[in-house]
Each structure stands twice: as C-alpha cells, then as structure tokens.
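# Structure assessment
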Amino acid sequence: MRHVSTALHRRASRPSRPSRPSRPSRAPGPSRTSLAATAVVCAAALSLVTGCGSGSAGGASGSGVIHVLVYGDAGNTVEKRIVDTFNKTSKVRAVLDTIPGADYQTKLQTVINNPQAPDVFFNWGGGSIAPFVKAGLLMPLDDMIAKDPALKADFLPSVFNTAVVDGKSYGVPMRGTQPVLLFDNKKVLADAGLTPPTTWDQLLDEIRTLKAKGITPIALGGGDQWPELMWFEYLFDREAGPGLFQKAVGGDKSAWNSPESTKALGLLKQLIDAGAFGTTYDSVKFTDGGSPALLAKGKAAFELMGSWEYATQQSANPDFAKDQLGYGAFPGVADGQGDPNDLVGNTNNFYSVRSTTKYPDAVAQFLKLMYSDEFVKAQLAIGNLPTTTNTPDFLSGSASPAYSQYQYDLVKRAPSFQLSWDQAYPPSAMTPIHQAVQRFFDGQLDANGFIQAMQALPTP
Amino acid sequence: MTRSPTPDRAGPTRPGRADRTRADRAARTRSGPAGLTRPGLVWALPATAFFTVFALVPLALVAVLSFTTWNGIGAPRAAGLANWTALLHDPVMLKSLWLSALLTALGVLLQTPISLLLGVWAAGHQRNRAILSAIYFVPLLLSATAVSVLWRALLDPNFGLPAQAPWLFGDGNLLGSRDGAIGVLAFVGAWQWTPLHTLIYQGSARAIPQVLHQAAAIDGAGRLRQFWHVTLPQLRTTMVTSTVLMVVGGLTTFDTVLILTQGGPGTETTISAYYMYQQGFKSFDFGGASAIALVLVVVATLVSLAMVRLSGYDAMRAGAEGI
C-alpha cells in the first residue's frame, strides 16, 4: 500500500494546495447513491447560510476574542504555539479554529460573509482572496503597515506581493514558501554522463541521450493535471517574462495571443513530441506516489515539482532523498525575455483580515508575531521555510539546512515569484485551466486552442 | 413452459391485481386482529417528514438557486434564465449526459450477465460454494473510494499490473485515452457492484420452487433448457429490480470518477454528477451547479419511471406468480 501511505503523507506535507481535487485523501467520498442527496442537502444548508457544518469557526467575536481560522493539518502546531504566545500578553484573546484540509476553501467561502466569519484567516493570496477583496470583505493592511513598517519590510518582497491586490496589501505571509524546482536523480544523470541543465537546449540534448538509454527523461504526474501546469508556468516566464501572465490575469486577454505565448507553447509541444515525458503520464499521478517513485527508482531522470518533493521523497524513499536527490532551477531559454532567476510556485500562505473585526489593534499585534524569531524557528523546525528577512539567522536549525538555504537564496534572488496560475486566477478558473493544460499535453488542443481556452477564463 | 397467467396484465381492469388485493386482505384478516384492515397514515409520518426535510425542501431550494448567481459569498442574486441558457449551449453538459448514459449502459451490460450467472450458480448446493460466494462478496464491503484508490494503484503503468503484462495493456496508458478511461471506470464499477447484484439474483434464484425444475427435468429438459425456460423467466422481476438499481447508481456515479480520472483526460469522462461537483464545489458557481443537479434529477426520475412502466414493475408481480 505504498501509494496510499504516500498520498496520506502528501496531505500533511503539502498544505498549500487544498484545491487539488485529486487526492485520495478526499476520502471518504459520498457513496454513489447518496451523492445527489448529499449535494442538495449541502446546497440547502448553504442557501440558509449556515455553512456546511463549519462548527469550529463558530462563536461571534464579540467578547474580547479574535478568531483565527487556518487550514487544518500538521502545521497547526506552530499556529497553536503562536496563538498561545499572543495570549500571554494580550487582553484580547485569540482562538485558533481549524478546518481540515481539503474542505478549507469551500467552507471559508460559506463562512466569510456571515456573523461567524473569522477575524483573521489563512489563504493562498492571489486569486484565493481576490473575490473577497472585490466584495469588500477584507481590510487593507496599509494602515497597519504605516504604523509598523516591519509588517511589510521584514518579508521578502516577491512573496509579500502575492497578497497585494489593486495596489493594497491584504495579507501577511504565515507559513513556508514552496517554489517549483527541477529535481533530478543524481545517479541516473551521472551514469549517462550528464549534469543538471542550465539551458533549454542542454535539456533537449539530455532528453535525447536519456531516451537512447531507455530512460523516461522526465517523470510527470499528468493524472493530477497541475504538475503539467508547472511546465506552462515556467516556459511562459522564461519566454515572455512575468509581465505576460500578469497582464492576462489582470484582464488583458490579448496577452495570451502574443508571439511569446505561441513560442512558449511551441517549446513545450516540442518537448512533449520529443517523448520527454514518456507515453503514460496521463495514467500517473504525483499524489499517489506514482511520479516520485519513477524518479526515485531511476526510471526517470527529472521531475519538475514544488519544493515538497523533498519531503515526499524523504518519507517514501529516505535513502534516495539523502544521497541521490538533486535539485536545481528551471533552465533558461535562449532569446527569452524572462530572467532565469524567476520562480513560480506557491509563494507562501497568508493571514488576511476580515474588515468587520472589532479588534484591529489586537489583530495588528497578532500579525507582528509572523516575523518574530519564535515563529521562524518553529516553522523551520517542522520543515517549512519562512520568508522573513531574519530567516537566514536560523537556517542552521532547519530540518535540512542545505536545502533550506538553497531555496531561501533562490527566493531572495528571484526578481519575480509567480504564484501558480490556478491559484492566481479565481477559483472558478481552476477547472478550465486544468482541462486545457491536460488537453494540450494530450494533443487534443493545439497552441491556438490553448490560447482560446485561456482567453475564455474568468478574471478576478 | 412460459409463465401461464399473463393475460391479466393487459386487461384494463387489471383483474389480477384486484384478485391479489382481495387475497391479501383475506390473509391479513386471518392473521391480524379482527377489523384491522390497513395501517393509518400516521405510520407514514416519520418517513414523510424525513423525506420532506432532506429531499423535497432541498430540491425546491436547488430549483430556486438554479435561477440565481451565487458564489457562496453574500446573498444569491437573481439571474433569470442565464444558468439555463448557458447550460443549453454548454457542450460539456451535453457530453456529460451522454457519458453518464454510456457508463450506465456499460454498467448494466457488463454486470447483468455476470451477476446473473454467478447468482444462479451461488444459489445451488455445490462444493465450496459458500466459501467462493463469500470471497465474491468482498468488494461490496469496501467503500467505493477505497476500491478506486486500490485500482488506481493496481493500474499504475510503471509499477502496477500493466508493467507486468505489456502484451495485454500495451504501454499501460489506460487513463490517457477516452476509451481506456471509460473502460477502466466501467470495469471498476462492475468489480465493485457485481457482488450486490449477485446477492440479489442468488436470493431470488433460491426462491424458485424446486418443483418447477423437477417438472422440467421430467419433461426431459437439460440444465441449459432449465436455465433458459425456468430460471430466467422466474428471475424476471429480480432483473428489473437489479437493473433499476444499476441505472440509478450509474447515473449518480461519482467517487470512481473523482479518484480515477477526475473527469479527464480533458473532459472525456466528465459525467453529469462530476460536472455538477466541479461547478459547485470547485468553481463556486452554485447557480450553474444547481441547474445541472436539476437536470440530473429530472433525467434520473424519467428513466426510473420509464423503466418501472415498461417492465411492469409497478404491478408488483411476485416472482413466484403462476405456480
């Protein structure tokens, strides 16, 4: 049952993507006969604005209490500890509410605009809060920042900017960063006489070499769909720079139609057609341990994945993670406008503030803890990499210091750190994005078809 | 050797049914206290209340929601027919209905013969029958989710069965093509649900009076003829029950799609129930999702009604009728 156990582990170590539909951890799913009934009951409950059983978020914040709502997983130990620290000195008490993993976004959506709404809540920045900002539900943090500049200055700008909407700040980073890296199997590369590629042409060369040796060059969990999206994110950045996507997500749909866009899609198509991903990627998933196993067992040489790949391998294949797992940045593209130092992925998770909170001063005090030494040490101890400016002082206390240091430097150096597309767009765009991505990989959509699918997306 | 008293079915006054009712009443009078004819409506109250609160009221609310735009934040805004016109022109919706129908049909075609044969076999008195029947029953004890996760792992192209048997699976990219993905869904559904239908057929086959088989044997009928002319006709109503269950179950299949294919590749296995889930709980378009839900309710109701009517199930004919 290796697959199942890795999948479960995945849930614990990768909190930042609750939106992933695929995980078996959504179990227990409704039985098929009861599905319709469940759906209508839920819809009914939603329409009564009672929230579908989100009892833990309950309790009005009227009696000197602020409610802090977070995604429920193993990371909660740190959040609990920070809340305790806050409560030692504050007159207003903070209460930590958790919603278990996969249901978080759905439940947040139902609770955000009713009297049980939390004062402070966990989110992914970008598209996950844009609808709330649009509905006027969130408090801009600019006044707090004016009083305490460290609330912005003590965080890496490329990360902090993820929660800036229309020029106003709406979130403070509160967990670890998860950039997407090109992982490799050192032994497979060494046996083939190769080194991690720094340019696109080198990658293409190495793919030819690896294929000739009968190795699938790149492991890809296409069944999950989002691992395929990472290739688009990086190629668009390397070819066109971060501006193209920023324009597109801002509502300028013509950006998708630019020559750079076509060129990026052409590069990806070339890669797919060259057999870089083998032929069975549609039936392989990352979330059930399929694609990480390909890399660990030497059946594949590379995998493009979020930084959580390291934790996944540590748990599933500890020996491989220790000795053979290599990691590096995505290669640069010749003539591309994007900086090879640019990153994509999950910048961090954020705390945002509901505009109706009765204790904004207490909330400001609470948010200050997110750049405290205690916070940084506690996050590093559980394997998260915070994005505060004081993080380097404590990196030696990290669960894997060299890896943490590498990532921190990468994030710090990055001129741009693009939030994953499916998180940057509002939730309603996620399914269409995933479908278009998968259909492009399958050859059901050509470049024009993909561009049209992107232009049809709803924007914030 | 077909069922004898069939003419009553076509009769406008349905004498057969009237006869039975009289007989029933007589039976009840014999066994129950004098004067008690039928239970009062009060007995239906708990079930009716439950059904109203958890089925009818939500259904009405879903109907209302389908005429609104609502992403879960704030109050639903009236949208008129917007959701419905969008749905009408939505290629994915039409395709999803077709896919639901296809998967349901595949389920019936795949599961009926297997479960019928297994059920009739299990109704016998062979050696090891009990043990084998218990083994066949196991998949039903697992949750649909567990079954899907299990098969997902078993069908992994690199580490699962396909890697061991390339002569059968090719490169093993079963979930990468439309036909492959649909085939896997139909197979996994059949693997899980065949035991239930086997059980139904087994019980029903056991209930066939042995005299019928004995009479047929005396008439010189072999096993095959007995099966064809005695067992099958006697299982007719069971077949209707089983098929109705399969169809309703097929139309609301969800977990297997969620875990095995997520509607992919592309939208090739996005069946209606999964599409509804995507619209509602992934895209937070509760208005559009409600419209899909209503379509599903209407289609499932129509199909069930049609099946009940066509099969004569509404006449509630007992399987042992005509003895």
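Residues numbered from 1 in each chain as written. Chains lettered and ligands numbered in written order. Predicted model: local features only at pLDDT ≥ 70, side-chain atom pairs only at ≥ 80, totals over all residues. Heavy atoms only, no water.

This part takes up the overall build of chain A. Counting its secondary structure elements, chain A contains 22 helices and 13 strands. Of all 460 residues assigned to chain A, the portion counted as buried reaches 62%. Look at the contacts in chain A between residues 6 or more apart in sequence, and 77% of them connect residues 24 or more apart. When the accessible surface of chain A is summed, it comes to about 15,800 Å², and 53% of that surface belongs to carbon and sulfur atoms. (Helix = DSSP H or I, 4+ residues; strand = E, 2+ residues; numbered from the N terminus. Buried < 20%, exposed > 50% of the residue type's maximum accessible area, 1.4 Å probe, protein only. Contact = heavy atoms within 4.5 Å. Areas by Shrake-Rupley, 256 points an atom, 1.4 Å probe, with all protein chains shown as cover.)

Scanning chain B for helices and strands turns up 15 helices and 2 strands. With 323 residues in all, chain B has 46% of them scored as buried. A fraction of 69% describes how many contacts in chain B between residues 6 or more apart in sequence connect residues 24 or more apart. Working note: accessible area of chain B is about 16,800 Å², and carbon and sulfur atoms make up 70% of it.

All names here are of chain A. Looking at the largest pocket, its volume works out to about 1,100 Å³. In terms of residues, the lining of the largest pocket owes the most to one element, helix H21 (residues 430-441), which gives 5 residues. Taken together, the residues of the lining of the largest pocket break down into 21 nonpolar, 15 polar and 5 charged. A domain split of the lining of the largest pocket shows at least three residues from each of domain 1 (53-176 + 348-418) and domain 2 (178-345 + 425-455). (1 Å grid on protein atoms, 1.4 Å probe; cavity = no way out; pocket = protein on both sides within 12 Å on 5 of 7 lines; lining within 4 Å. Points joined across faces, edges and corners; volume = space filled by probe spheres on them. Nonpolar A, V, L, I, M, F, W, Y, C, P; charged D, E, K, R; others polar. Domains from an automatic or database assignment.)

With that settled, consider the sheet that holds strand S6 (residues 172-173) of chain A. Residues and elements named next belong to chain A. The mixed open sheet is built from 5 strands, whose spatial order is S2-S1-S3-S12-S6. Across the chains shown, the open sheet's two edge strands, defined by having one partner strand only, are strand S2 (93-100) and S6. Sheet analysis places strand S1 (residues 65-72) next to strand S3 (residues 120-123), joined by 2 bridges and oriented parallel. Its bridge partner being in S3, Leu 69 is matched across the sheet by Phe 121. Here helix H3 (residues 76-89) sits on the sheet in contact with S1, S2 and strand S12 (350-353), set at roughly 165° to S2. In this fold helix H17 (residues 360-368) packs onto S1, S3, S6 and S12, with an angle of close to 170° to the strand it touches most, S12. (Pairing = 2+ DSSP bridges. Axes fitted to C-alpha atoms, helices over the stretch in contact; angles between N-to-C directions.)

Take the packing of helix H14 (residues 272-282) of chain B against helix H15 (residues 286-311) of chain B next. Residue and element names in this part refer to chain B. For the pair H14 and H15, interaxial distance at closest approach is 7 Å and the crossing angle is 160°. One finds that H14 runs roughly antiparallel with respect to H15. Once H14 is placed against H15, the crossing between them reads as left-handed. Contacts from Ser 272, Ala 273, Tyr 275, Met 276, Gln 279, Gly 280 and Phe 281 of H14 reach H15 at Phe 286, Ala 289, Ile 292, Ala 293 and Leu 296. Among the residues forming the contact of H14 with H15, the class breakdown is 9 nonpolar, 3 polar and no charged. (Parallel < 35°, antiparallel > 145°, perpendicular 65-115°, else oblique. Left-handed = near helix turned anticlockwise from the far one by under 90°.)

Right, let's get into the confidence of the model for chain B. When pLDDT is low, close inspection of the predicted coordinates is not appropriate. Residues and elements named next belong to chain B. Residues at a pLDDT of 70 or more form 85% of chain B, whose mean pLDDT is 84. In the model of chain B, helix H1 (residues 15-31) stands out as the element of lowest mean pLDDT, 47, in contrast to helix H9 (residues 178-206), which has the highest, 94. Long-range and interchain partners of residues 1-23, a stretch whose pLDDT sits below 50, account for 26 contacts in this model, where long-range means more than four residues apart. (pLDDT = per-residue confidence, 0-100.)

Right, let's talk about a nonpolar patch on the surface for a bit. All names here are of chain B. Taken together, the side chains of Ile 131, Leu 132, Ile 135 and Tyr 136 define a hydrophobic patch exposed on the protein surface, amounting to about 370 Å² of accessible area. Secondary-structure assignment places Tyr 136 in helix H5 (residues 129-141). Overall, the relative accessible area of 36% leaves Tyr 136 in the partly exposed class. (Patch = residues over 30% accessible without salt bridge, like charges linked within 9 Å, V, L, I, M, F, W, Y side chains within 5 Å. Salt bridge = Lys/Arg side-chain N within 4 Å of Asp/Glu carboxyl O.)

Time to look at the pattern of salt bridges. Residues and elements named next belong to chain A. Applying the stated criterion across every chain, the model contains 13 salt bridges over all chains. Arg 175 serves as the salt-bridge partner of Glu 79, at 2.9 Å between the closest nitrogen and oxygen. One end of the pair, Glu 79, is in helix H3; the other, Arg 175, is in the loop between S6 and strand S7 (178-185), with 96 residues separating them in the sequence. Classification of Glu 79 as buried rests on a relative accessible area of 3%.

Side chains of a nonpolar character, in soluble globular proteins, are inclined to be buried together. Formed by 136 residues in total, the largest nonpolar core has its most connected members in A:Trp231, A:Phe232 and A:Phe366. For this core, the leading source of residues is helix H11 (residues 226-240) of chain A, giving 9 residues. Two domains each provide a minimum of three residues to this core, namely domain 1 (53-176 + 348-418) and domain 2 (178-345 + 425-455) of chain A. Filtering out sequence-adjacent residues up to four positions away, A:Phe232 remains in contact with A:Leu265, A:Leu268, A:Trp421, A:Val437, A:Phe440, A:Phe441 and A:Phe450. Counting 20 residues, the second largest nonpolar core, distinct from the first, contains B:Leu175, B:Leu185, B:Ala186 and B:Tyr277. (Core = buried A, V, L, I, M, F, W, Y, C linked by side-chain atoms within 4.5 Å.)

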